[in-house]
Amino acid sequence: MSEGIEAVVMPKWGLAMQEGMLAAWLVEEGETVARGQEIAEIETSKIANVFESPAAGVLRRRVAREGETLPVGALLAVLAPASVHEEAIDRFVAEFEARFAEALAARKAEAAPEPATLEAGGRRIRYLEVGEGEGPPVLFLHGFGGDLTSWSLNQEALAGERRTLALDLPGHGGSDKRIARGDLEELAEAVAAFLDTLGLSRVHLVGHSLGGAVALRFALDRPGRVASLTLVAPAGFGEEIADAYLEGFLRERRAKKLRPVLEMLVRDPTMIGREMVEEVLRYKRLDGVPEALAKIRERCFGGGRQRILLRDRLAELPMPVQVLWGREDRILPARQAEGLPEGVAVTILEECGHLAHMEKAEACNAALRRFLAGG
Amino acid sequence: MQLSREDLLEAYRRMRLIREFEDAVHEEFAAGNIPGFVHLYAGEEASAVGMCMHLDDRDRIASTHRGHGHCIAKGCDPRAMMLEIFGKREGLCAGKGGSMHIADLEKGMMGANGIVGGGPPLICGAALAAKTLGTGGVAVAFVGDGGSNQGTTLESYNLAKVWNLPAIFVIEDNGYAESTASSWSVGGSQTGRAAGFGMPGVEVDGFDFFAVWEAAREAVERAREGGGPSLLHVRLGRYYGHFEGDACTYRAPDEVERLKAEKDPLMLFRRRVGEAGLLEPTDLDAIDREAREQIARAVSDAKAAGYPTEADLLTDVYASY
Amino acid sequence: MPKKSFRQAVNEALRQEMERDPTVVVMGEDVAGGMGAPGEQDAWGGPLGVTKGLMPQFGRERVLDTPISESAFIGAAVGAAATGLRPVAELMFVDFMGVCFDQIFNQAAKFRYMFGGKATTPVVIRTMYGAGFRAASQHSQCLYNIFTHIPGLKVAIPSNAYEAKGLLIQAIRDDDPVMFFEHKAMYDEEAEVPDEPYAIPFGEANLVREGEDVTIVALGRMVNVARDAADRLEGEGISCTVVDLRTTSPLDRETVLETAAETGRVVVVDEAHPRCSVATDIAALIAQEAFESLEAPVRMVTAPHAPVPFSPALEDLYIPSADRIAEAVREVHGHGRR
């Protein structure tokens, strides 16, 4: 291997990511880049994001073309000092690609973790379990219209140290679409049934948005079963909610019309990849989904405001509680995190929208690790 | 099973209504008041009524281009039919079907049909639906002697037989497919064809209401009891041309006059019930009067009614589009 | 998500709708197979095994083998639809429509209109179409354009297994008669297909790919060929939008016109013959409604005005290929540029 030559490869963002599309290069060949500098835009089936250079150096070769879809680990570019000869770079690329082809063939044999389903409380619940370790596992609860894959950037990050589970709430993802009332009690009940079925007495709960309110409801009703509570841009903290988002999410059936609605979720609209839009459309077509979402919306957010205010009860909780919120959240305003009881740790994430755990995955994962270690 | 006094009155009423209806359409067509094609059923009344007296709203019939009689016999509203034939918005099919496509699905009338041989496959479907849904219903295809030569009809005999459907095929043989004699155009015999498909088939005097009624009773009972399909070959005669405007030069000069004088189904019915002392002539006269008035009102209503408008042109192409 | 073949997707749609709605029945030649024969029952499940397993689950009362008698059983499906069932009839090859067309276009299609809006005829006619099976002229045609021409019919032409399940469920639930076209060469092609039932609404085209330079409008199997061509062209610096029409009736005019206007350059790809076809229909629509935004003449890539040949050497020339599509795209892309 030539001295100082570094490979820049397709990153793996989350469990489900198998490949990514290099949407655009942000630097030219020959430019000097710093570590952490944004050098490309990459789209995955889930989300589009900027890609930061893993090292410093001169970007000697852009191997991936714009628009090209490549597997995780494939060579995107080569960094090397200006002094390295072109021939050496050619050799490096050829050798890398030969090795990578072998590795890829081997990787294809391994299967990525697959969601499972179980029957709990008379309902089919889909969930994904990854990792093992001592202590209570972490259970992730997604938001309105989401599913367990929305935690793909977080679940893997924590799975190294402990057992993690993410489930699809009733009416969502691969779980049963039947919803009786659509209130928080019903959803929290389903979570309890799920834990009972798995024989889990106590978990660290992490909930986003609607899932945050479900987690909070669960913790209030069953404090003994919650080791700690992490609420990411949770519902239930104030009356205000972007009704236009809920309305558009339920109404729009075409990608072109749905995309601007989903873009409200994030600070940088280019993060919403076409696959993500397509997945939401596919989810909404499933039998029972429009009815389930309409019920939940009516019970929790009917009349364009939140009807599930729980923030005043935070002080009752015996377990550690932290709140993470994107400063530029356009669905639930971050100011709803102001004035919380003492002891609730609040982190406001700058340059971040409603999908904080995806947009600022690293920061959220770090906060989670610290919090779980302390708690 | 016997015909009650009420049944007899009802049967006569329906036959008379058909006759009055067709005579009125004949006149109005000649006067230029009715657009398009019309094919009249006058002279054939005993067939439609003899069969439909055994049917109720769960039973389905499919008809032919000569369908007015089947409609009335199955309970369609003659006034709404007349409006339809005049092309009016309040017609039975909103003025979009006309004489050849009158239907009333609520009455089990699946439509007159502009396609010769169009009905029998549909009736297999209606019979299948009745069987699958367990309604106890039967389905009847009225087919002309012309339609009896269509592949659809013969295929339907086979399908009805192999699926053991509660289906009945009524071949109304008025002697002519358009201008071509059925004695020439039909190879073999209608009942022989039925036998070829393993289904009971009988020849019936179609001028005699009671003969049709009796043959139909057997076929309907068989179908309702799960005994499968049957065929009735009903021989009858039409008083008017194939269509209105047909000069009927292919017919013998005195053919229709002799039919009217000797075989008229209404006349035969009156004679029979009179001889048997079942009904009084005054009962029947009253029905004649009422029918005449009812149809006269239908015609004047049809003349007065409004046509569909441009707003109706594109409605009801689809349930949703 | 589980991967399923086009065949499995169609089978699953039928099974789930039959479970949901007892009025759904399936009929056709050998849809179970072995009727009245001394050997195995459910011997075929249709000539290509698409309906296999339905008869054992739902019985002969709801999975009806028919004699080879298309005008009778297609007509029966229509009649049953008008009287309370939701039949899914299989017309084995669309080429056979010649013997039962009356039942479709004069009866099913026209009931509602002729009867003043009082009839609903929720019949689905599934049929195989398309070339590539070395099946020659009477078993390889497309013919969807003929049904598209007829008011009162809906026409769905799924481009993959996911689309097939969702469009077929929609077809069964739809209150109008639907012609459902399955490309015989696609039954083994796999896609991610949810286990749960879902319906894809008619008249909403799908953007399979979004690009800036050229719009390719395609349908059925040609969507995938067009996408292959677009992938290849991406490497040449030509980025294409690929529109999957999904249904030709109703037609998503809005998406066609919008995507045509966005690029100003359009290629229409259709496996059918070129005259009076879906391709000419789309080209005419764009010429009439989006003329001002066109930068180049609309190009069509279709089969020739000739029957489908038997010999593999000829059939391969006959079917529109990614090469021909790419060539047409290059041509419209280069038009008027110096």
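Residues numbered from 1 in each chain as written. Chains lettered and ligands numbered in written order. Predicted model: local features only at pLDDT ≥ 70, side-chain atom pairs only at ≥ 80, totals over all residues. Heavy atoms only, no water.

### Points about the overall build of chain A
Phase 1: Within chain A, the regular secondary structure consists of ten helices and 16 strands.
Phase 2: At 22 Å, chain A has a C-alpha radius of gyration in line with the 21 Å of a compact globule built from 375 residues.
Phase 3: Dimensions of chain A along its principal axes, counting C-alpha atoms only, are 65 × 45 × 40 Å.
Phase 4: Here chain A, with 375 residues, has 55% of them falling under the buried criterion.
Phase 5: Of the accessible surface of chain A, which amounts to about 15,600 Å², a share of 48% is contributed by carbon and sulfur atoms.
Phase 6: Averaging the coordinates of the 47 positive side-chain charges in chain A and doing the same for the 58 negative ones gives two points 5 Å apart. (Helix = DSSP H or I, 4+ residues; strand = E, 2+ residues; numbered from the N terminus. Rg over C-alpha atoms; globule rule 2.2 N^0.38 Å. Buried < 20%, exposed > 50% of the residue type's maximum accessible area, 1.4 Å probe, protein only. Areas by Shrake-Rupley, 256 points an atom, 1.4 Å probe, with all protein chains shown as cover. Lys, Arg positive; Asp, Glu negative; His and termini not counted. Charge placed at Lys NZ, Arg CZ, Asp CG, Glu CD.)

### Here's the deal with the domain arrangement of chain C
Residues and elements named next belong to chain C.
Phase 1: What the domain assignment lists for chain C is domain 1 (3–192) and domain 2 (206–334).
Phase 2: Taking the mean C-alpha position of each, domain 1 and domain 2 sit 27 Å from one another.
Phase 3: Taken together, the contacts link 26 residues of domain 1 with 27 residues of domain 2.
Phase 4: Carbon and sulfur atoms make up 50% of the surface buried where domain 1 meets domain 2, a total of about 2,200 Å² over both sides.
Phase 5: Inspection of the region where domain 1 meets domain 2 yields three salt bridges.
Phase 6: Asp316 serves as the salt-bridge partner of Arg134, at 2.8 Å between the closest nitrogen and oxygen.
Phase 7: Seen at the junction of domain 1 and domain 2, the total is 17 residue pairs in polar contact (both at pLDDT 80 or more).
Phase 8: Considered class by class, the residues forming the side of domain 1 that touches domain 2 number 14 nonpolar, eight polar and four charged. (Domains from an automatic or database assignment. Contact = heavy atoms within 4.5 Å. Buried area = accessible area lost by both parts, 1.4 Å probe. Salt bridge = Lys/Arg side-chain N within 4 Å of Asp/Glu carboxyl O. Polar contact = N/O pair within 3.5 Å; in protein donor to acceptor, adjacent residues only side chain to side chain. Nonpolar A, V, L, I, M, F, W, Y, C, P; charged D, E, K, R; others polar.)

### Focus: helix H4 (residues 101–108) of chain C
Phase 1: Along H4(C), seven of the eight residues are buried, which leaves the element largely enclosed by surrounding structure.
Phase 2: What H4(C) keeps buried is the set C:Phe101, C:Asp102, C:Gln103, C:Ile104, C:Asn106, C:Gln107 and C:Ala108.

### Quick look at the interface of chain C and chain A
Phase 1: At the junction of the two partners, chain C supplies 25 residues and chain A supplies 17 residues.
Phase 2: When the buried surface of chain C facing chain A is broken down by residue, C:Tyr162, C:Glu196 and C:Glu204 rank first, second and third, together holding 31% of it.
Phase 3: The interface formed by chain C and chain A holds nine salt bridges in total.
Phase 4: Two residues, A:Lys257 and C:Glu254, come together in a salt bridge whose shortest N-O distance is 4.0 Å.
Phase 5: At the boundary of chain C with chain A, the tally comes to 13 residue pairs in polar contact (both at pLDDT 80 or more).
Phase 6: The class makeup of the residues in the side of chain C that touches chain A is nine nonpolar, four polar and twelve charged.

### Brief notes about the sheet that holds strand S10 (residues 123–130) of chain A
Residue and element names in this part refer to chain A.
Phase 1: Spatially, the eight strands line up as an open sheet ordered S9-S10-S12-S11-S13-S14-S15-S16, and their pairing is mixed. Whereas interior strands pair on both sides, the edge strands pair on one side only; in this sheet they are strand S9 (116–120) and strand S16 (344–349). Going across the sheet, the axis of each strand differs from the next one's by a mean of 25 degrees, ignoring polarity.
Phase 2: One ladder, built from four bridges, connects strand S11 (residues 138–141) with strand S13 (residues 203–208); its direction is parallel. Across the sheet, Phe140 pairs through a bridge with Val206, a residue of S13.
Phase 3: Lying over the sheet, helix H2 (residues 152–159) contacts S10, S11 and strand S12 (164–167), oriented at roughly 160 degrees with respect to S12.
Phase 4: The strands touched by helix H10 (residues 361–374) are S11, S13, strand S14 (226–232), strand S15 (321–326) and S16; relative to S15, the strand with the most contacts, the crossing angle is about 170 degrees. (Pairing = 2+ DSSP bridges. Axes fitted to C-alpha atoms, helices over the stretch in contact; angles between N-to-C directions.)

### Things to note about the interface of chain C and chain B
Think of interface size as the accessible area that goes away when the parts come together; that is how it is often given.
Phase 1: On the chain B side, the residues contacting the 44 residues of chain C number 39 residues.
Phase 2: Taking both sides of the interface into account, the surface hidden between chain C and chain B amounts to around 3,300 Å²; carbon and sulfur atoms contribute 64%.
Phase 3: Along the contact surface separating chain C from chain B lie zero salt bridges.
Phase 4: Where chain C packs against chain B, one counts 18 residue pairs in polar contact (both at pLDDT 80 or more).
Phase 5: At the level of elements, strand S2 (24–28), strand S3 (63–65), helix H3 (70–81), H4 and helix H5 (111–114) of chain C are the ones that each hand at least two residues to the side of chain C that touches chain B.
Phase 6: For the side of chain C that touches chain B, the per-class residue count stands at 21 nonpolar, 15 polar and eight charged.

### With respect to the arrangement of the chains
Phase 1: For this structure, the chain pair with the highest number of contacts among two pairs of chains in contact is chains B and C.
Phase 2: There is a gap between chain A and chain B: no contact, and a shortest C-alpha distance of 16 Å.

### Observations concerning unusual backbone geometry
Phase 1: A cis amide bond, omega 0 degrees, links C:Ser249 with the succeeding residue C:Pro250.
Phase 2: Position of C:Pro250 among the secondary structure elements: in the loop between strand S12 (247–249) and helix H9 (253–263).
Phase 3: The backbone of A:Ser209 shows a phi angle near 55 degrees, a positive value even though the residue is not glycine.
Phase 4: Relative to the assigned elements, A:Ser209 resides in the loop between S13 and helix H4 (210–221).
Phase 5: By relative accessible area, A:Ser209 is classed as buried at 10%.
Phase 6: Non-glycine residue C:Arg134 carries a positive phi angle of around 55 degrees.
Phase 7: Structurally, the position occupied by C:Arg134 is in the loop between strand S5 (124–129) and helix H6 (144–148).
Phase 8: The partly exposed category is assigned to C:Arg134, whose relative accessible area is 31%.

### Side note on the packing of aromatic side chains
Phase 1: In this structure the tally under the stated criterion is 26 aromatic pairs over all chains.
Phase 2: Consider the rings of C:Phe111 and C:Phe115, whose centres lie 5.1 Å apart with planes at 20 degrees: the pair is stacked. Comparing C:Phe111 with C:Phe115, the two get one shared label, buried.
Phase 3: Aromatic ring contacts, followed pair by pair, group C:Phe101, C:Phe105, C:Tyr129, C:Tyr144, C:Phe147 and C:Phe181 into a single cluster.
Phase 4: Sitting over the face of the ring of C:Tyr162, A:Arg282 holds its NZ or CZ atom 3.6 Å from the ring centroid.
Phase 5: Taking NZ or CZ as reference, A:Lys284 lies 5.8 Å from the ring centre of A:Phe249, over its face. (Phe/Tyr/Trp six-rings, centres within 6.5 Å; stacked < 30°, edge-to-face > 60°. Lys NZ or Arg CZ within 6 Å of the ring centre and 35° of its normal.)

### What about the domain arrangement of chain A?
Residue and element names in this part refer to chain A.
Phase 1: In terms of domains, chain A is made up of domain 1 (6–109) and domain 2 (116–374).
Phase 2: A separation of 33 Å is found between the C-alpha centroids of domain 1 and domain 2.
Phase 3: Note on domain 1 versus domain 2: buried area summed over both sides is about 1,200 Å², and carbon and sulfur give 62% of it.
Phase 4: Taken together, the residues of the side of domain 1 that touches domain 2 break down into five nonpolar, four polar and three charged.

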